[in-house]
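# Residue-level structure breakdown
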Amino acid sequence: MERKNAWTGRSEAELAQIEAMSKAYCAYIDAGKTERECVTVSEKLSQEKGFANLADCIRENRALAAGDRVYRAWMGKCFVAFVLGRHPLSEGMNIVGAHIDSPRIDIKQNPLYEEEGFAYLDTHYYGGIKKYQWLAMPLALHGVIAKKDGTVVTVSVGERDDEPVFCITDLLPHLAAEQMSKTAKDLIEGEALNVLIGGRPLEGEEKEPVKAGVLKLLREQYGVEEEDFLSAELEVVPAGRAREVGFDRSMIMAYGHDDRVCAYPSLAAVLDFEGVPEYTLCCVLTDKEEIGSVGATGMDSRFFENIVAELCALAGEPGDLALRRTLGNSRMLSSDVSAGFDPAFAQVFEKKNAAFLGRGVCFNKFTGSRGKGGSNDANAEYIASLRRIMDDAGVAFQTAELGRVDVGGGGTIAYMCAKYGMNVIDSGIPVLSMHAPYEVISKVDLYEGYRCYCAFLRDAGPVEG
Ligand code: MN
Ligand code: MN
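Source: prediction; values computed, not measured. (Residues numbered from 1 in each chain as written. Chains lettered and ligands numbered in written order. Predicted model: local features only at pLDDT ≥ 70, side-chain atom pairs only at ≥ 80, totals over all residues. Heavy atoms only, no water.)

## Here we look at the coordination of the manganese ion (ligand 1)
We apply this condition: Sites may look incomplete, because water is not among the atoms used; the donor set itself consists of N, O and S atoms within 2.8 Å of the metal (3.2 Å for Na, K and Ca). Runs of H or I in DSSP of at least four residues are treated as helices and runs of E of at least two as strands, each being numbered from the N terminus. Burial here depends on accessible area, computed with a 1.4 Å probe over protein chains only, as a share of the maximum for the residue type. Under 20% is buried, over 50% is exposed, and the range in between is partly exposed.
Distances from the manganese ion (ligand 1) to its protein donors, H99 (NE2), D258 (OD), D336 (OD) and D336 (OD), fall at 2.1 to 2.4 Å. Between consecutive donor residues of the manganese ion (ligand 1), the sequence gaps follow H-x158-D-x77-D. A gap of 3.1 Å separates the manganese ion (ligand 1) and the manganese ion (ligand 2), which D258 links by coordinating each metal. Taken as a pair, D258 in helix α6 (residues 257–271) and D336 in the loop between β14 (331–335) and β15 (338–339) lie far apart in primary sequence, 78 residues in all. The class for D336 is buried, based on a relative accessible area of 10%.

In structure tokens, the structure reads:
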């Protein structure tokens, strides 16, 4: 069952559409390098497309009807958008979902210190990273500092050409004999990931003068004191924008493709939908996937269920039973990046069931590790209906699992949505160098992802029992 390369036989018009989608995507991820920034951009795009804030509708007790477009952000870190359909909500929704948090390095609560004339921020990394990959490269600092008076200062330093960057230093090879004999996982300890943020003493300051100099700048630029780090969320990410890869410019290298390369086309497919859909459309963008979907903004929280309950009530179907029917009758594409087959590491893949860059969007019936552990195993009947939708729309798709049996594996948010009894499958776009500071995707897969979500949202086929 060979799947052909999705670049072949493209018309000039299609190639132009692939480029346009890539440009729009790069603008989204350049502006959204953290979950908070992704929510801000998503909210702006939704407003531009005429979506109303569900929070306003709730406050005004505004009745919602077919064709209405609403969104809701939760704690500034997750986001849901809906287009209401002709059928009652309790007949189910067509849901596309992805996560907008990415592996990174977070700043500790009491982070600032000085040592031998350098000022540093102490960190605790977030998600599954290979720590050594983050050394000796330009880093940017993004996030918020919440102050006791209720104001929240937004921070973004290291992205513009006229801004400084930060870094975590590495050891010169000449003195690294002992370091180089360690295994990669021990090459640098988590506690040693300290971000260099200053090197000039404050004039006339005796005690920790470099740290004092940094604090003076923070006070002047942001109006914050050292104590304010206690209530900050600051994230260290690779500095720089998304770039095209290859002489043929067929790929994109960027920070955080996992999972914004699924989040963006999922959101765009809902925002771009014209007219009134048969079934209500929903896009859910969630946080904390990289650390187990925990917390109030992770998929294991009830934020999504709560928002759907509000929607049901305003659409004239209040109550617990209507909510349960709405969720239970829904169909979902739970999208997350797939491990793209990499010839450099062929031994960890099983080629017949691997995802390849350039062969379109990928469906994973099951993920999990070592005996499907922790997997959402999508229903065969549901997959058959997806095959029909994709083939009818001419969407390039492939099927895969994550690596060879017993080699590894991983899970995403599908199994949490499956708790409601809905039909849900892991799907997504293949990526190379997953979880590295810079990851690689193919432009044509992004485009086919978007077409896949559009076709799925348009479909009014029977709801599987
Ligand atoms: Mn992911
Ligand atoms: Mn991930």
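From this point on, the discussion continues.
## Here we look at helix α1 (residues 12–31)
Convention followed: Multiplying 1.5 Å by the residue count of a helix minus one yields the expected span of that helix. Of all possible arcs, the one meant is that of the directions from the helix axis to the C-beta atoms. The contact criterion used is simple: two residues touch if any of their non-hydrogen atoms lie within 4.5 Å.
The terminal C-alpha atoms of α1 lie 29 Å apart, and with 20 residues this matches the ideal 28 Å at 1.5 Å per residue to within 8%. Listed as buried for α1 are I18, M21, S22, Y25, C26, Y28 and I29. When α1 is viewed along its axis, its buried side chains cluster within an angular range of 160° and face the same direction. Turned more than 90 degrees away from the buried face of α1, the exposed residues are E12, A13 and K23. Here the buried face of α1 lies against α2 (35–48), β12 (251–254), α6, β13 (280–286), β22 (439–442) and α11 (443–458).

## A closer look at the packing of α6 against α11
Where we set the bar: Where helices are involved, their axes are fitted lines through C-alpha atoms of the stretch in contact, as for all axes, and angles between N-to-C directions lie from 0 to 180°. Each angle is binned into one of four classes, with values under 35 degrees roughly parallel, values over 145 roughly antiparallel, values of 65 to 115 roughly perpendicular, and all other values oblique. Left-handed is the label given to a crossing in which the near helix is rotated counterclockwise from the far helix by less than a right angle, and right-handed is the label when the rotation is clockwise. Polarity classes work like this: nonpolar for Ala, Val, Leu, Ile, Met, Phe, Trp, Tyr, Cys and Pro, charged for Asp, Glu, Lys and Arg, and polar for all others, with Gly in that last group.
The N-to-C vectors of α6 and α11 enclose an angle of 40°; their axes lie 8 Å apart at closest approach. Classified by the angle between their axes, α6 and α11 sit oblique to one another. Seen from above, α6 lies across α11 with right-handed handedness. Between α6 and α11, the contacting residues are V261, C262, P265, S266, A268, A269 and V270 on the first element and L446, G449, Y450, Y453, C454 and L457 on the second. Considering only residue class, the contact of α6 with α11 consists of 11 nonpolar, two polar and no charged.

## Focus: the coordination of the manganese ion (ligand 2)
Protein coordination at the manganese ion (ligand 2): the donors are D258 (OD), E290 (OE), E290 (OE) and H435 (NE2), at 2.0 to 2.6 Å from the metal. Spacing between the donor residues of the manganese ion (ligand 2) along the chain follows D-x31-E-x144-H.

## Some thoughts on the pairing of β13
Selection rule: Strands qualify as paired when DSSP identifies two bridges or more between them.
The buried fraction of β13 amounts to seven of the seven residues, a majority that puts the element mostly inside the structure. Here strand β3 (residues 78–83) runs beside β13; their pairing, made up of five bridges, is antiparallel. Looking across to β13, one finds that F79 is bridged to L285. In the sheet, strand β4 (residues 93–99) pairs with β13 via seven bridges, with the strands oriented parallel. Bridge pairing in β13 places I95 opposite C282.

## Structural notes on the pattern of salt bridges
To keep things clear, this is the line we draw: For this analysis, a salt bridge means a side-chain nitrogen from Lys or Arg found within 4 Å of a carboxyl oxygen belonging to Asp or Glu.
Counted according to the given criterion, the structure contains 34 salt bridges. Residues R10 and E14 are paired through a salt bridge, measuring 3.4 Å at the closest nitrogen-oxygen approach. Across the pair D459 and R331 runs a salt bridge, and its minimum N-O distance is 3.3 Å. One end of the pair, D459, is in the segment after α11; the other, R331, is in strand β14, and 128 residues separate them in sequence. For the residue pair D459 and R331, the accessibility class agrees, reading buried in each case.

## Section: the sheet that holds β4
Overall, mixed pairing links the nine strands, which are arranged β1-β2-β3-β13-β4-β14-β20-β16-β18 in an open sheet. One side of each edge strand has no neighbouring strand; the edge strands of this open sheet are β1 (52–53) and β18 (397–399). As paired strands, β14 and strand β20 (residues 423–428) are joined by five bridges and run parallel to one another. Among the inter-strand pairings, S334 is bridged to a residue of β20, identified as D426. Across the sheet, helix α7 (residues 303–314) is in contact with β2 (69–74), β3, β4 and β13; its angle to β3 comes to roughly 30°.

## So, the nonpolar core
Applied cut-off: Buried Ala, Val, Leu, Ile, Met, Phe, Trp, Tyr and Cys residues form a nonpolar core when they are joined through side-chain atoms within 4.5 Å.
If you look at the biggest cluster of nonpolar residues, it comprises 62 residues, and the most contacted ones within it are Y28, V270, L285, L333 and F363. Examining the composition of this core, we find that 10 residues originate from one element, α11, more than from any other. Formed by 35 residues, the second largest nonpolar core is a distinct cluster that contains A119, Y222, A232 and L234.

## Here we look at the state of the cysteines
The following threshold applies: What counts as a disulfide here is a pair of cysteine sulfur atoms lying within 2.5 Å.
Per the stated rule, a full pass over the model turns up zero disulfides. Here C57 stays free of any disulfide, with the sulfur of C312 as its closest cysteine sulfur at 14 Å. With relative accessibility at 1%, the residue C57 sits in the buried group.

## Things to note about a nonpolar patch on the surface
Quick note on the threshold: Exposure above 30% relative accessible area and the lack of any salt bridge qualify a residue for a patch; like charges then connect within 9 Å, and the nonpolar side chains Val, Leu, Ile, Met, Phe, Trp and Tyr within 5 Å. Reported accessibility uses the Shrake-Rupley method at a 1.4 Å probe radius. Residues are deemed covered only where the shown protein chains occlude them.
Judged by side-chain polarity, L171, L172 and L175 come together as a nonpolar surface patch covering roughly 280 Å² of accessible area. Mapped onto the elements of the fold, L172 is located in the loop between β8 (152–157) and α4 (177–180). Judged by its relative accessible area of 40%, L172 is partly exposed.

## Some remarks on the pairing of β22
Alternating residues of β22 divide into E439 and I441 and V440 and S442, and every residue in both groups is buried. The pairing of β12 with β22 spans four bridges and is classified as antiparallel. Bridging from a neighbouring strand, A254 pairs with E439 of β22.

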